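One letter stands for each residue in the lines below.
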Amino acid sequence: MNTSDIVVLTLLELSILLTASQTVRLFTQKYYLPSIFAEIIVGILLSPYAIGGVINNLFHVPLFEINSYLDLFANFSVILLVFAAGLSHGFKNLKSSGLLGFLAATFGAVIPTVLVYFTFSIVYPSQVSALMGAASAATSLAATSTIIEDFKLYKRKFSRIVISAAALDDVVSLIILSVVLEIESIKILSFLNILYNITITVISWLIILFLAVFIIPRVLEYVRDDLINDVSLVILFSVVFLMLLLGFEPIIASFIVGIAIAESIKSSKISSFTSALLSIFGPIFFIYVGMETPIKIFINANDVLLGLLMSFLAIIGKIAGIFPFAFIYTKDLKESFLASVGMLPRGEVGLIVATLGLSSAIIDINQFSQIIIMALLTTIIGGTLFTFLIKRWILKQSA
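Definitions and limits used
- Residues numbered from 1 in each chain as written.
- Predicted model: local features only at pLDDT ≥ 70, side-chain atom pairs only at ≥ 80, totals over all residues.
- Heavy atoms only, no water.
- Helix = DSSP H or I, 4+ residues; strand = E, 2+ residues; numbered from the N terminus.
- Rg over C-alpha atoms; globule rule 2.2 N^0.38 Å.
- Buried < 20%, exposed > 50% of the residue type's maximum accessible area, 1.4 Å probe, protein only.
- Contact = heavy atoms within 4.5 Å.
- Areas by Shrake-Rupley, 256 points an atom, 1.4 Å probe, with all protein chains shown as cover.
- Lys, Arg positive; Asp, Glu negative; His and termini not counted.
- Charge placed at Lys NZ, Arg CZ, Asp CG, Glu CD.
- Axes fitted to C-alpha atoms, helices over the stretch in contact; angles between N-to-C directions.
- Parallel < 35°, antiparallel > 145°, perpendicular 65-115°, else oblique.
- Left-handed = near helix turned anticlockwise from the far one by under 90°.
- Nonpolar A, V, L, I, M, F, W, Y, C, P; charged D, E, K, R; others polar.
- Patch = residues over 30% accessible without salt bridge, like charges linked within 9 Å, V, L, I, M, F, W, Y side chains within 5 Å.
- Salt bridge = Lys/Arg side-chain N within 4 Å of Asp/Glu carboxyl O.

What follows deals with the overall build of the chain. Across its full length, the chain carries 16 helices and zero strands. Relative to its length of 399 residues, the chain is compact, with a C-alpha radius of gyration of 21 Å against a globular reference of 21 Å. Across its three principal directions, the C-alpha atoms of the chain cover 65 × 55 × 55 Å. Counting only residues that meet the buried cut, the chain has 54% of its 399 residues in that class. Considering only contacts in the chain between residues 6 or more positions apart, those separated by 24 or more positions represent 81%. As displayed, the chain has an accessible area near 17800 Å², and 70% of this comes from carbon and sulfur atoms. Placing the 22 positive and 23 negative side-chain charges of the chain at their respective mean positions leaves the two points 15 Å apart.

Dropping the structure here:
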């Protein structure tokens, strides 16, 4: 089969996968589950390891395949997703979330990371367990904000701390990821070495972030409106390339550029353009994650048990990290617990961390599968419980 045939088949494959994911989303949205749930499920079912493999054999055509072209689209999707996350947060929003939001985000990300790290280090090497911990840190802002938007509860105190903490814990998770990727190069693993690497990573992040926030918005001021979208993409991929040369990961560069562009007076126009791109390319990464996950892992007792254990640690760690600061902010036990539950769903950044770990050969397919199980379970449990408690504690009280 020549290259042009593979390209045509990949485009056909993408069309089918995207159509299927949009169809499944119609059903999952009814139960307030985030779109990533539908996209991962479609990827798992239509992968070469499941129904996709059956279709390939039936028609003798490699239609549902994980090839270099699909991998390229998935990487582009990742960069866009993280860029959009930075664009939606903005530097001002990160600052305005307040000390309690910052503390909730930090402890809500660090505690599950530490719990997963120390528990899984019993069976896995340090870097593997650390990466799995990092994947358990981030909250799905898309999942929680969708539910809050559906019930129009943005003015409630618990909603405010959920939104601010969920925005900030992406940043904390990416910093944890940066440190995890450096662990392999540390000669002697000790508390001081890890603390040194955290300090260097945070300082590097802050320097690059402040430079980007200072320079990029000023550059965009001189760009004509009809060129602003093109120039924003040029800036994005130029900074990604530059930071790759400096040893940073593309997703970190994407996030920083997004935050910087959010400070531009032309950010709303770029946001609209990015949303249009994400409507097409956004789901590809999550479908790709599903396709990389062999369906047989869900019947592998060891992987399922470890995935359940990781889910349990991720849940209690997140609640332990969020609840105290939510209570100080809301002065209400029910709203504090609601805020904690609203932070349970894992999402975009956690899955990106897992995929990066798999592609970097830090984790294997079994460990990757355990993270997928954790992401799905926390999303289902968190989304369903959050919705139930809002109806029982908030809406019934208001009626």
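Here we take up the packing of helix α13 (residues 301-330) against helix α14 (residues 333-342). Remark: α13 packs on α14, axes separated minimally by 8 Å, with the N-to-C direction vectors making an angle of 140 degrees. With respect to their mutual orientation, α13 and α14 come out oblique. Read as a crossing pair, α13 and α14 show a hand that is right-handed. Listed contacts from α14 to Lys318, Ile319, Ile322, Phe323, Ala326, Phe327 and Thr330 of α13 are Leu333, Glu335, Ser336, Phe337, Ala339 and Ser340. Here the residues of the contact of α13 with α14 are counted per class, giving eight nonpolar, three polar and two charged.

Turning to the side chain of Ser21, a few remarks are in order. Tracing the backbone shows Ser21 in helix α1 (residues 3-28). Aside from chain neighbours lying at most four places away, what touches Ser21 is Ala38, Glu39, Val42, Pro283 and Ile287.

What follows deals with a nonpolar patch on the surface. Nonpolar side chains collect at one region of the surface, where Ile203, Ile207, Leu211, Phe214, Ile215 and Val219 lie side by side and expose about 550 Å² of accessible area between them. In this structure, Ile203 sits in helix α9 (residues 191-220).

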